[in-house]
Amino acid sequence: MSDKFYTDLYINSKWIKTSKSFEVKNPATGEEITKVSFAGPNEIELAIQSASDAFKKWKYTTAKVRCEKLMNWFRLIMEHKDQLARIVTLECGKPIKEALGEVIYGASFVEWSAEQAKRIDGSIINSPLANTEINVSFEPAGVVGAITPWNFPMAMITRKIAPAIAAGCSVVLKPAELTPLTALYLAHLSELAGFPEGLINIIVGDAAEIGNRLTTDPRIRKITFTGSTKVGKLLLTQSAETLKKVSLELGGNAPFIVFADANIDEAVAGLIICKYRNAGQTCVCANRVYVEESIYDEFAAKLKTAVANLKVGNGINEDINIGPLINAAGKQKALNHIKDAVSKGATLYFGGKDMEGQFVEPTILTNVTDDAIVSKEETFGPVAPLFSFKTEDEVIRRANDTNFGLAAYFFTTDYKRIQRLKSAIESGMIGVNSGVISVENAPFGGVKESGTGREGGQLGIYDFVEAKYTMNKF
Ligand code: ADP
């Protein structure tokens, strides 16, 4: 398959080439894929104004029209899914099968949002005042500023753009500069889908400058962001002056708990998909694995057998399970976490080798102590640290001993324990006997410093609307 890249900015349904450009590299080979235009102040302004003009018209479209345009986009994405998957793998490194999974998963948010566009219904409230009626409707929040990360170059975009459009909003999107090509290909497909001028605008450039403009410009009413907690807090602070509606999907530190009564094989399979997918570079991936003492050795041995089967290499090859880390800094962080844990008493039970290029061997650490950095910070690499625990109360306390609360997982066959843990674990999402949690019709999001707002499900659309009521006297 020959690759077609879109490399200019997409503003007001036009492709804009700028004099300045930047390189996009393949993390598996270190080679340049292509160069992409770089937005300066003029392009940022043009994108905001275009979205603002488009909003004034899109706001008045019917739900049926929004649904039709989104369904067109959905079908085009599915028709081009192999091409999109290749671009995802080339720019972010994840294995091609995972990339295809991401494209289909990303597309499902477009289909779901298209369907939901027709169901943003209001209500009539019984009024306490005589001869009056109160109508409640949900209106689009306004122009949306969206900023997305590199680890899901496709899905983090559709998860934001599709519900925004369904709700009647227009969008200025800044994808990660490490992975802009998937975003620009999606823009091309939106053109084919018949999106009106300026409905979505895609700019890449200096992240801090664009972030600052999007969060401070009064024409933008809603900010939606997926990325680090540090940047999320900055965007929230910057949005305060113009009091925007803000959704943040930030970092996690997911506990993965395996009780002695669990099906151990299922728990191992759940951990493999949860921990090693995208080489551990997902915000919902297990970061701390707590295994009950009595099954600790058996679990570790079975995990080792499974991890030994994972093949590391360039993800464009079909048989690869673990691709590269996104950049040298990401690789160094993972290696530092391993080194730190070992220096504090952990055993390097499997892997841990510093491989050539940006690859890190999938790793298992055993006997990890709570003072290791891996127990506090997201590793974002293929490293599973195994901690041992004795009691349910103890593991709940340790699982919650973090500022984050995005995802959590536990494996047990005791139904009463399932109920207790569902309440006790401080997390926006929980996988019970499952290492996979994310689907388009469930509300994805976190608590504590993992963020605010939800993406997907009924609630996902409500992040892009404002309630308005009218008091009618007759
Ligand atoms: P990561 O460490 O996973 O790359 P970041 O939060 O740095 O997470 O990046 C997520 C997104 O936020 C990317 O699109 C990136 O360009 C963008 N970003 C980084 N710094 C800023 C900033 N100061 N203002 C706005 N966006 C930013």
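What you see is a predicted model, and the numbers here were worked out from it, not measured in a lab.

The rules behind the values
Residues numbered from 1 in each chain as written. Predicted model: local features only at pLDDT ≥ 70, side-chain atom pairs only at ≥ 80, totals over all residues. Heavy atoms only, no water. Patch = residues over 30% accessible without salt bridge, like charges linked within 9 Å, V, L, I, M, F, W, Y side chains within 5 Å. Areas by Shrake-Rupley, 256 points an atom, 1.4 Å probe, with all protein chains shown as cover. Salt bridge = Lys/Arg side-chain N within 4 Å of Asp/Glu carboxyl O. Helix = DSSP H or I, 4+ residues; strand = E, 2+ residues; numbered from the N terminus. Near = heavy atom within 4 Å. Polar contact = N/O pair within 3.5 Å; in protein donor to acceptor, adjacent residues only side chain to side chain. 1 Å grid on protein atoms, 1.4 Å probe; cavity = no way out; pocket = protein on both sides within 12 Å on 5 of 7 lines; lining within 4 Å. Sits in = over half its atoms within 2 Å of the grid points. Buried < 20%, exposed > 50% of the residue type's maximum accessible area, 1.4 Å probe, protein only. Lys, Arg positive; Asp, Glu negative; His and termini not counted. Contact = heavy atoms within 4.5 Å. Core = buried A, V, L, I, M, F, W, Y, C linked by side-chain atoms within 4.5 Å.

1. Remarks on a nonpolar patch on the surface
Consideration 1: On the surface, Leu129, Tyr469 and Met471 cluster together to form a nonpolar patch covering roughly 340 Å² of accessible area.
Consideration 2: Position of Tyr469 relative to the elements: it lies in strand S22 (residues 465-473).

2. Some points on the site of the ligand
Consideration 1: With respect to spatial proximity, 17 residues lie near the ligand, and among them Thr148, Trp150, Lys174, Glu177 and Ser228 are the closest.
Consideration 2: Within the backbone of Thr148, a nitrogen or oxygen atom sits 2.7 Å from an oxygen atom of the ligand.
Consideration 3: Between an oxygen atom of the ligand and a side-chain N or O atom of Ser228, the distance comes to 2.6 Å.
Consideration 4: When the free accessible area of the ligand is taken as 550 Å², the share hidden by the protein chains comes to 76%.
Consideration 5: Given that more than half its atoms are within 2 Å of the pocket grid, the ligand belongs to the largest pocket.
Consideration 6: Mapped onto the shell around the ligand, the elements with two or more residues apiece are helix H7 (207-216), strand S10 (220-226) and helix H8 (229-239).

3. Some words on unusual backbone geometry
Consideration 1: Phi at Ala279 is positive, roughly 55°, even though this residue is not glycine.
Consideration 2: Inspection of the secondary structure assignment puts Ala279 in the loop between helix H9 (264-276) and strand S13 (286-292).
Consideration 3: With a relative accessible area of 1%, Ala279 lands in the buried category.
Consideration 4: At Phe380, a residue that is not glycine, the phi angle is positive and equals roughly 55°.

4. Concerning the side chain of Asp463
Consideration 1: By the secondary structure assignment, Asp463 is in the loop between helix H14 (457-462) and S22.
Consideration 2: An unpaired buried charge is present at Asp463: no salt bridge exists, and Lys222, the closest side chain of opposite charge, is 4.2 Å distant.
Consideration 3: The residues contacting Asp463, other than those within four sequence positions of it, are Lys222, Lys245, Ser247, Gly453 and Arg454.

5. Things to note about the nonpolar core
Consideration 1: Counting residues in each nonpolar core, the largest one holds 84 residues, and the members touching the most others are Leu70, Trp73 and Ile77.
Consideration 2: Filtering out sequence-adjacent residues up to four positions away, Ile77 remains in contact with Leu84, Val103, Ala107, Val110, Met154, Leu186 and Leu189.
Consideration 3: Membership of the second largest hydrophobic core comes to 59 residues, among which are Val268, Cys274, Ala346 and Ile425.

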